[in-house]
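The residues making up each chain are set out below.
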Amino acid sequence: MTKLLLENILRFILLILAQVFLFKNTGYYNLVIPFPYIMAIMLLPVRISKGLLFLIAFLTGLTIDAFYDTLGVHAAACVTLAWVRIIFMNLTIQDDDHDSISPGIDQMSFRWFLIYVFILSFFHHLTLYLLESFSLNNILSTLTSILFSCIFTTVLIILFELIFYRRKKR
Amino acid sequence: MRNLWVFINRYSTFFLFILFFGGSVVLVVSNNTFQRANAINSSSQIIGSIYQQVDYFKGYLSLNEANLALARENAALRALLKSSNYDDKVISNIVRDSTQQPEYSYIQARVINNSVNQKNNYITVNRGSRHGIKKGMGVISSKGIVGIVLNVSENFSTIQSLLHSDTKISASLAKSQAFGSLIWGTQTYDPKKALLRDIPNHVKVEKNEQVITSGFSLFPPGIVIGTVLETGISSGSSFLDISVLLNNDFSTLRYVYIITDQYSAEKEALEIQNLEND
């Protein structure tokens, strides 16, 4: 339990630092910007309580907002992600033997994880970009941004998962 | 109360989401200048469009007043127009030539009243004694003869049009130089036709031959009056009556020239002596 807690805290810190100092400057102009920090919320234990999940998501978003100077935007996006995560979990995981483990390639199938990451990051990015532009003008370019950023983020998260967690299992 | 609690518990995910998401959005709108400006902007856009609609309907109620105000303004503006001012400008070009003394000079004038449908037609122009107009001067336009100055006031003068039963102008045929007098209103009151009388029977007159001023009266010689329409209308005497199609369209007359003859006084004085001798 302590290990799980430490693992999550460490992952949270590392992902935030990576996001703020590395991925903030990565991207293809304003069209494609990756946000792999959402992995910290995605990899929280499966049966975490709803309230705690929302609170963590909210605080994660606020932390990123503090660095991005966009108070509330990332928080809202992360809260949306948490909601979608709960719905997705309810729909795909029935049995209770996944208690207190992190959803990952080592626990779930690769296909499940890919869909999970893609859908969650899609809703996160959708909320994020729409709140950021705050208008329906240029909706087409916003949607393009959302889609490409989503793909980029998904690829990055899958890569991280493959690099860091597959090795651990071996 | 219990049921409400059960209801909230069942949809706790959604309510938690609403709670946190709402909190985030409040943060977004209250702390980020761009979103705040945008939110206020879009709301003012909606309110603005409502106001616009209301104003649009209210506009009908004050239509009468608006029309009155506009009409008053129109009248005021019309008074400022150039056309409502009296045109005082006189352009007269006199060529100074030592070998040829100019006999005629011209004063341009604008027609301000005109008629063509009466038995005796008169024209009013915006030139008067102030501009050197005197009774009896000849008036022409760019297309031909117009008439003779009848009465002169300080700023205006009336012209006895060619379309007047008393007007008699000395005219001649361009080829034969035979002269007669041009009159109007004996047979028809057509403003396009006049009658050339007193041309001797032996003169050969062709159709479409030009009729010009003879130079014996007020007008300089050679001004085109019209063309011969019908020849040889006999009045049972030794003279021809020639129907002339007038070159000038009197119904569209706008600008005319009043002819000043430098030697007209001398000429008249001399001709009066002839009458006295009789």
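This is a predicted model, so every value here is computed, not measured. (Residues numbered from 1 in each chain as written. Chains lettered and ligands numbered in written order. Predicted model: local features only at pLDDT ≥ 70, side-chain atom pairs only at ≥ 80, totals over all residues.)

When you go through chain A residue by residue, the secondary structure sums to 6 helices and 0 strands. Tracing chain A from N to C terminus, the helices and strands come up as α-α-α-α-α-α. Buried positions account for 36% of the 170 residues belonging to chain A. (Helix = DSSP H or I, 4+ residues; strand = E, 2+ residues; numbered from the N terminus. Buried ≥ 20, exposed ≤ 12 C-beta atoms within 10 Å, placed from the backbone.)

Quick look at the overall build of chain B now. Within chain B, the secondary structure is distributed over 5 helices and 12 strands. Across chain B, the fraction of contacts at a sequence separation of at least 24, relative to all contacts at a separation of at least 6, is 54%. (Contact = placed C-beta atoms within 7 Å.)

Residues spaced three or four apart along an α-helix face the same direction, because each turn holds 3.6 residues. Between its terminal C-alpha atoms helix H5 (residues 264-277) of chain B stretches 20 Å, which fits the 20 Å expected from 14 residues at 1.5 Å a residue. Along H5 of chain B, only 0 of the 14 residues are buried, which leaves the element largely exposed. (Expected span 1.5 Å × (residues − 1).)

Another point: the pairing of strand E4 (residues 144-152) of chain B. All names here are of chain B. Of all 9 residues in E4, 8 are buried, a share of seventy percent or more. Taken together, the 4 bridges between strand E3 (residues 138-141) and E4 define a ladder with antiparallel strand orientation. Counterpart to Gly138 in the pairing with E4 is Ile148. Counted between consecutive antiparallel strands, the loop separating E3 from E4 contains 2 residues. Pairing between E4 and strand E5 (residues 157-161): 5 bridges, direction antiparallel. Residue pairing across strands places Gly147 opposite Ser161, the latter belonging to E5. The turn joining E4 and E5, which pair antiparallel and follow one another in sequence, is formed by 4 residues. (Pairing = 2+ DSSP bridges.)

Right, let's get into helix H3 (residues 50-68) of chain A. Compared with an ideal rise of 1.5 Å per residue, which puts 19 residues at 27 Å, H3 of chain A spans 27 Å between its outermost C-alpha atoms and is within 8% of the ideal. Buried residues of H3 of chain A: Leu53, Phe54, Ala57, Phe58, Thr60, Gly61, Thr63, Ile64 and Asp65 of chain A, and no others. Next to the buried residues of H3 of chain A lie helix H1 (2-21), helix H2 (39-42) and helix H4 (73-92) of chain A together with helix H2 (12-31) of chain B. Looking one or two places after H3 of chain A, you find Asp69 of chain A, whose phi comes out positive at around 60 degrees.

Looking now at the nonpolar core. If you look at the biggest cluster of nonpolar residues, it comprises 44 residues, and the most contacted ones within it are Ile38, Cys78, Val79 and Leu81 of chain A. Those elements that provide at least two residues to this core are H1, H2, H3, H4, helix H5 (110-133) and helix H6 (139-169) of chain A together with H2 of chain B. For this core, the element with the highest residue contribution is H4 of chain A, accounting for 10 residues. The contacts of Val79 of chain A, once residues within four sequence positions are left out, are Phe54, Ala57, Phe58 and Gly61 of chain A together with Phe17, Phe20, Phe21 and Ser24 of chain B. (Core = buried A, V, L, I, M, F, W, Y, C linked by C-beta atoms within 7 Å.)

Averaged over every residue, the pLDDT of chain B is 82; the share at 70 or more is 89%. Reported for the predicted complex are a pTM of 0.47 and an ipTM of 0.78. (pLDDT = per-residue confidence, 0-100.)

Our focus in this paragraph is the interface of chain B and chain A. Of the residues lining the interface, 15 residues belong to chain B; the matching set on chain A comes to 18 residues. At the level of elements, H2 and helix H3 (33-61) of chain B are the ones that each hand at least two residues to the side of chain B that touches chain A. For the side of chain B that touches chain A, the element with the most residues is H2 of chain B, which contributes 11 residues. Across the side of chain B that touches chain A, the residue classes break down as 8 nonpolar, 7 polar and no charged. (Nonpolar A, V, L, I, M, F, W, Y, C, P; charged D, E, K, R; others polar.)

Quick look at the sheet that holds E3 of chain B now. The strand order E1-E2-E5-E4-E3-E12 (chain B) describes a closed barrel built from 6 strands, whose pairing is antiparallel. For this sheet the average axis-to-axis angle between neighbouring strands, irrespective of direction, equals 45 degrees. (Axes fitted to C-alpha atoms, helices over the stretch in contact; angles between N-to-C directions.)

Our next topic: the packing of H3 of chain A against H2 of chain B. Two numbers describe how H3 of chain A lies on H2 of chain B: the axes approach to 10 Å, and their chain directions differ by 20 degrees. Regarding the angle of H3 of chain A to H2 of chain B, the classification is roughly parallel. For the element pair H3 of chain A and H2 of chain B, the recorded crossing hand is right-handed. Here Lys50, Gly51, Phe54, Phe58 and Gly61 of chain A of H3 of chain A come into contact with H2 of chain B, specifically with Ser12, Thr13, Leu16, Phe17, Phe20 and Ser24 of chain B. Grouping the amino acids of the contact of H3 of chain A with H2 of chain B by side-chain chemistry returns 5 nonpolar, 5 polar and 1 charged. (Parallel < 35°, antiparallel > 145°, perpendicular 65-115°, else oblique. Left-handed = near helix turned anticlockwise from the far one by under 90°.)

Next up on the list: the environment of Asn113 of chain B. All names here are of chain B. Examined against the element boundaries, Asn113 turns out to sit in strand E1 (residues 104-114). The exposed category is assigned to Asn113, around which 12 C-beta atoms lie within 10 Å. Through-space distance from the C-alpha of Asn113 to that of Val125 is 6.9 Å; in sequence the pair is 12 residues apart.

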